[in-house]
Amino acid sequence: MTARLLRVDPWNPDPGLIDEAARVIRGGGLVAFPTETVYGLGADGTSATAVAGIFHAKGRPADNPLILHFAAPELVAGVAVVTPSASKLMELFWPGPLTLVLPSLGVVPREVSAGLDTVAVRMPSHPVALALISRAGVPVAAPSANTSGRPSPTDAEAVFSDVGASVDLVLDGGATSVGVESTVLDATGPDLVLLRPGGCPVEEIEARAGARVLLSGGDGRRSPGVRYRHYAPRVPLLLNPTREEVALALSEAGAGARARVAWMGLEGPEVSLGDGTVDLELSVLFDTPENYARGLFHALRTFERLGADIIAARLPDTDRGMGRAVRDRLERAASRSHENP
Ligand code: TXA
Ligand code: MG
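The numbers attached to residues start from 1 for each chain and follow its sequence in the written order. A letter from A marks each chain and a number from 1 marks each ligand, given out in the order of writing. The predicted origin of the model limits local features to residues at a pLDDT of at least 70 and limits the giving and counting of side-chain atom pairs to 80 or more, whereas totals for whole chains, interfaces and linings rest on all residues. The basis for every side-chain value is the complete set of heavy atoms in the structure, and neither hydrogens nor water enter the calculation.

Enquirer: When you look at a nonpolar patch on the surface in this model, what are you seeing that I'm missing?
Expert: Residues enter patches when their relative accessible area tops 30% and they take part in no salt bridge; the joining distance is 9 Å for like charges and 5 Å for the nonpolar side chains Val, Leu, Ile, Met, Phe, Trp and Tyr. All accessible areas in this document rest on Shrake-Rupley with a 1.4 Å probe, and a residue is counted as covered only by the protein chains that are shown. Within this document, salt bridges are pairs made up of a side-chain nitrogen of Lys or Arg and a carboxyl oxygen of Asp or Glu, the two lying within 4 Å of each other. A cluster of nonpolar residues, Val81, Leu105 and Val107, forms a patch on the protein surface that exposes about 250 Å² of accessible area. Each helix corresponds to a stretch of at least 4 residues labelled H or I by DSSP, and each strand to a stretch of at least 2 residues labelled E; elements are numbered beginning at the N terminus. Turning to its location among the elements, Val107 is positioned in the loop between β5 (98–103) and β6 (118–122).

Enquirer: Where do I start with the pattern of salt bridges in this structure?
Expert: Side-chain pairs of opposite charge can arise whenever the charged atoms involved come near each other. Within this structure, the stated rule accounts for 21 salt bridges. Linking Asp319 and Arg324 is a salt bridge whose minimum nitrogen-to-oxygen distance equals 3.7 Å. A network of salt bridges, in which partner residues are shared, links Arg150, Asp162, Arg234, Arg301 and Glu304.

Enquirer: What exactly am I supposed to notice about the nonpolar core here?
Expert: Ranked by internal contacts, the top residues of the largest apolar core, which has 46 residues, are Leu89, Leu98, Leu100, Leu102 and Leu185. Elements supplying a minimum of two residues to this core: β3 (39–44), α2 (48–58), α3 (84–93), β5, β6, α5 (156–163), β10 (192–196) and α6 (202–209). With five residues, α2 is the largest single contributor of residues to this core. Note on contacts: a residue pair qualifies if any of its non-hydrogen atoms lie within 4.5 Å across the two residues. Sequence-distant contacts of Leu89, that is, excluding residues within four places in its chain, are made with Trp94, Leu98, Leu100, Leu185, Leu192, Ile205 and Ala209. Counting 26 residues, the second-largest nonpolar core is a separate cluster that includes Ala293, Leu315, Ala325 and Ala334. Grouping buried Ala, Val, Leu, Ile, Met, Phe, Trp, Tyr and Cys residues that are joined through side-chain atoms within 4.5 Å yields what is termed a nonpolar core. Only protein chains enter the accessibility calculation, which uses a 1.4 Å probe; a residue is then buried when its area is under 20% of its type maximum, exposed when over 50%, and partly exposed in between.

Enquirer: Explanation requested: the domain arrangement of the protein in the structure shown.
Expert: A common way to state how big an interface is: give the accessible area lost once the parts meet. Segment limits for the domains were obtained from an automatic or database-derived domain assignment. What the domain assignment lists for the protein is domain 1 (4–181) and domain 2 (237–334). Between the C-alpha centres of domain 1 and domain 2 there is a distance of 30 Å. On the domain 2 side, the residues contacting the 17 residues of domain 1 number 12 residues. The term buried area refers to how much accessible surface (probe radius 1.4 Å) is lost by two components on association, counted for both of them together. When domain 1 packs against domain 2, the two sides together hide about 1100 Å² of surface, and 46% of this comes from carbon and sulfur.

Enquirer: Sorry if this is basic, but what is going on with the packing of helix α1 (residues 15–26) against helix α4 (residues 127–136) here?
Expert: For any two helices packed against each other, one specifies the inter-axial angle together with the distance between the axes. With their axes 8 Å apart at the nearest point, α1 and α4 run at an angle of 55° to one another. Classified by the angle their axes make, α1 and α4 are oblique. Crossing angle aside, the handedness with which α1 passes α4 is right-handed. Across the interface between the two elements, Ile18, Asp19, Ala21, Ala22, Ile25 and Arg26 from α1 touch Val128, Ala131, Leu132, Arg135 and Ala136 from α4. Lines fitted to the C-alpha atoms define the axes, with helices restricted to the stretch that makes contact. Angles between their N-to-C directions range from 0 to 180 degrees. The labels follow the angle: roughly parallel below 35 degrees, roughly antiparallel above 145, roughly perpendicular from 65 to 115, and oblique for the rest. Each helix crossing is assigned a hand: it is left-handed if the near helix lies turned anticlockwise from the far helix by less than a right angle, otherwise right-handed if that turn is clockwise.

Enquirer: Before we go on, may I ask you to explain the environment of Gly96 in this structure?
Expert: Inspection of the secondary structure assignment puts Gly96 in the loop between α3 and β5. Separated by 39 residues in sequence, Gly96 and Ala57 have C-alpha atoms that sit 26 Å apart. Dropping the residues within four chain positions of it, Gly96 is found in contact with Glu36, Arg122, Met123, Pro124 and Ser125.

Enquirer: Teacher, can you tell me more about the sheet that holds strand β11 (residues 213–214) here?
Expert: Strand pairing in a sheet relies on backbone hydrogen bonds, with the paired strands running either antiparallel or parallel. Taken in spatial order, the 11 strands line up as β1-β8-β2-β3-β7-β4-β6-β5-β9-β10-β11 in an open sheet, and their pairing is mixed. Looking at which strands have only one partner, the edges of the open sheet turn out to be β1 (4–7) and β11. Two elements, β5 and β6, share four bridges in a ladder whose sense is antiparallel. Paired with Pro103 across the two strands is Thr118, which belongs to β6. Strands β1, β2 (31–34), β3, β7 (140–141) and β8 (169–172) of the sheet are contacted by α1, whose axis makes an angle of about 145° with β1. Relative to the sheet, α4 contacts β2, β4 (67–69), β7 and β8, its axis offset from that of β2 by approximately 140°. A strand pair is defined by DSSP finding two or more bridges across the two strands.

Enquirer: Even after reading the chapter, I still don't get the sheet that holds strand β14 (residues 278–285), so can you show me in this structure?
Expert: Ordered by their spatial adjacency, four strands build an open sheet running β12-β15-β13-β14, and the pairing between neighbours is parallel. Two strands lie at the open edges of the sheet, namely β12 (237–239) and β14, each paired on one side alone. Taking each pair of neighbouring strands and ignoring which way they run, the sheet shows an average axis angle of 20°. In terms of strand pairing, strand β13 (residues 261–265) meets β14 through four bridges, oriented parallel. Counted as the bridge partner of Trp263 is Ser283 from β14. The strands that helix α9 (residues 323–334) touches are β12, β13 and β15 (310–313); relative to β12, the one it contacts most, it runs at about 130°.

In structure tokens, the structure reads:
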């Protein structure tokens, strides 16, 4: 099977196309669609078999739960306990790139929450995502539409190259605007705990909700997904490397005299990597942390496709704002210590 690719206006999606995609979801099929963060791989979140299709298409470990996507906040009460803090956060940040982990009512298929007694919920702001979910009439389970372990897809081309052979339909609404996935917050109890930094910065949540966000969440216990290798390009990724580290990585990669080193960051290298080491055709400087987030996954995939032998990246100097999510994704993408998916 090869997915059908339908172009859709990201601001005013054609109702006929949305209807068609919604029918695929209701029929138990898989539809990749744009959200404001990254492309999602959607299926009927009330159907165990449809959800199983997602895990199969991505090669995703069964113990890594999925986010359920809704078209209106009040629908969440059908699957989860809406805690007072969650209710306030929904009011402030939905629709938008914030996912809330809540106590589950136990009505969603156990595949969705991977057997946990919690469920993750989000209302995206992308017009195509909202129209599709609303028309489907069911909560839509959707992880990022990449093969498990690969950089998340921020355009339809990336979706197609990863999962084009195993989904029914890809809605192409152009490049996504945030570029990294939603922030995941555990809102099951009185303390908000950050499980994954993302498109909604912690500082903004604290300022607008008037609540502290604990940063100790990413230990693999409360957020199963962080155990696995993530976002990794097919060539080595080095963070803030020295000249010696670059030379070693190139020799380990078996790169010859015409080795190509890609670069990305808010600035050039902090220490000299040697004249001509970085290939200027494979180099991108982002002017803000927001633009770094927007372009990060696309840059990883592009460098890989254009034949970089290694990719070097400079971490943002700050953990504030989108800097936190950018650092997190780069550190995971560069890490060799996680389990393979
Ligand atoms: O921006 C996003 O969130 C995108 C778009 C498509 O909405 N979706 C996305 O899904 O990033 P995924 O599956 O790639 O990442 C979901 C993360 C994983 O780290 C998963 O472990 C965590 O959310 N998660 C899901 N349900 C959970 C739960 N009940 N408790 C803790 N973590 C959960
Ligand atoms: Mg993902």
